[in-house]
Amino acid sequence: QVQLVESGGGLVQAGGSLRLSCAASGSIFKNSIMGWYCQTPGKQRELVASITPGGSTNYPNSVKGRFTISRDNAKNTVYLQMNSLKPEDTGVYYCNAAHTVLPGRYNYWGQGTQVTVSS
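The structure reproduced in this document is the subject of the present report. None of these values were measured; they are calculated from a predicted model.

Quick notes on the rules
Residues numbered from 1 in each chain as written. Predicted model: local features only at pLDDT ≥ 70, side-chain atom pairs only at ≥ 80, totals over all residues. Heavy atoms only, no water. Phe/Tyr/Trp six-rings, centres within 6.5 Å; stacked < 30°, edge-to-face > 60°. Helix = DSSP H or I, 4+ residues; strand = E, 2+ residues; numbered from the N terminus. Buried < 20%, exposed > 50% of the residue type's maximum accessible area, 1.4 Å probe, protein only. Lys NZ or Arg CZ within 6 Å of the ring centre and 35° of its normal. Disulfide = S-S within 2.5 Å. Pairing = 2+ DSSP bridges. Axes fitted to C-alpha atoms, helices over the stretch in contact; angles between N-to-C directions. 1 Å grid on protein atoms, 1.4 Å probe; cavity = no way out; pocket = protein on both sides within 12 Å on 5 of 7 lines; lining within 4 Å. Points joined across faces, edges and corners; volume = space filled by probe spheres on them. Nonpolar A, V, L, I, M, F, W, Y, C, P; charged D, E, K, R; others polar. Salt bridge = Lys/Arg side-chain N within 4 Å of Asp/Glu carboxyl O. Core = buried A, V, L, I, M, F, W, Y, C linked by side-chain atoms within 4.5 Å. Contact = heavy atoms within 4.5 Å.

### Here's the deal with the packing of aromatic side chains
Tallied over the full model, the rule gives 1 aromatic pair. Relative to Trp109, the ring of Tyr37 lies with its centre 4.9 Å away and its plane at 65 degrees, an arrangement referred to as edge-to-face. You can see Tyr37 sitting in strand β4 (residues 32-39) and its partner Trp109 sitting in strand β10 (residues 107-109), a full 72 residues away along the chain. Trp109 sits in the partly exposed class, given a relative accessible area of 38%. Of note, Arg19 hangs over the ring of Tyr79, and the distance from its end group to the ring centre comes to 4.2 Å.

### Section: the state of the cysteines
Tallying each qualifying case throughout the model produces 1 disulfide. Note on cysteine connectivity: Cys22 is disulfide-linked to Cys95, with sulfurs 2.1 Å apart. The chirality of the disulfide connecting Cys22 with Cys95 is left-handed, given an S-S dihedral of about -85 degrees. Of this pair, Cys22 sits in strand β3 (residues 18-25) while Cys95 sits in strand β9 (residues 91-99), and the two are 73 residues apart along the sequence.

### Brief notes about the sheet that holds strand β8 (residues 77-82)
Judged by pairing direction, the sheet is antiparallel, and its 4 strands sit side by side in the order β1-β3-β8-β7 without closing on themselves. Of all strands in the sheet, those bounded by a partner on one side alone are β1 (3-7) and β7 (67-72). Between one strand and the next, the sheet's axes are offset by a mean angle of 15 degrees, whatever the strand orientation. Relative to β8, β7 runs antiparallel, the two being bridged by 6 bridges. The residue of β8 that forms the bridge with Ile69 is Leu80.

### Focus: the layout of surface pockets
Looking at the largest pocket, its volume works out to about 270 Å³. A per-element tally of the lining of the largest pocket places strand β5 (residues 46-51) first, with 3 residues. Taken together, the residues of the lining of the largest pocket break down into 7 nonpolar, 4 polar and 6 charged.

### Thoughts on the pattern of salt bridges
Tallied over the entire structure, the rule returns 1 salt bridge. With its nearest N and O atoms 2.8 Å apart, the salt bridge here joins Asp89 to Arg66. Taken together, the residues span a long stretch of sequence, with Asp89 in the loop between β8 and β9 and Arg66 in the loop between β6 (57-58) and β7 at a distance of 23 residues.

### Some thoughts on the pairing of β1
Alternating positions in β1 separate cleanly, Leu4 and Glu6 being buried on one face and Gln3, Val5 and Ser7 remaining unburied on the opposite face. When β1 meets β3, the two strands line up antiparallel, connected through 5 bridges. Each residue of the ladder has a partner; that of Ser7, found in β3, is Ser21.

### Here's the deal with the nonpolar core
Residues Trp36, Leu80, Met82 and Tyr93 are the most contacted members of the largest nonpolar core, which totals 26 residues. Within the residue set of this core, elements represented by two or more residues are β3, β4, β5, β7, β8, β9 and β11 (113-118). Looking at this core, the element that brings in the most residues is β3, giving 4 residues. Setting aside residues up to four positions removed in sequence, Tyr93 forms contacts with Glu6, Leu20, Trp36, Tyr37, Cys38, Val48, Phe67, Leu80, Met82, Gly112, Thr113 and Val115.

This is the structure we're talking about:
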């Protein structure tokens, strides 16, 4: 059974940093695109960063240059380093695993971790 467990969220001041971790169990990790999504009240869950098994990354313009996603295949763990945090970064951050070949059939979410950035 695939499980994703996030950690590292918390309360920080604007301009500060946080590092989120997502530990994956099961066999899906090495064959999956790993992503971080943010859920804000009143908005759809939005992609923050993604990384392919080969290490290619993708970021929306809102976080480009501030956030960095990485993965440690030996530890089955994906990270999100968040620097220069802004109040608008506040939300619940979810880890996602999507199989590269069958993303509809094999797609999993973690429980989420709260990130709050104060002014």
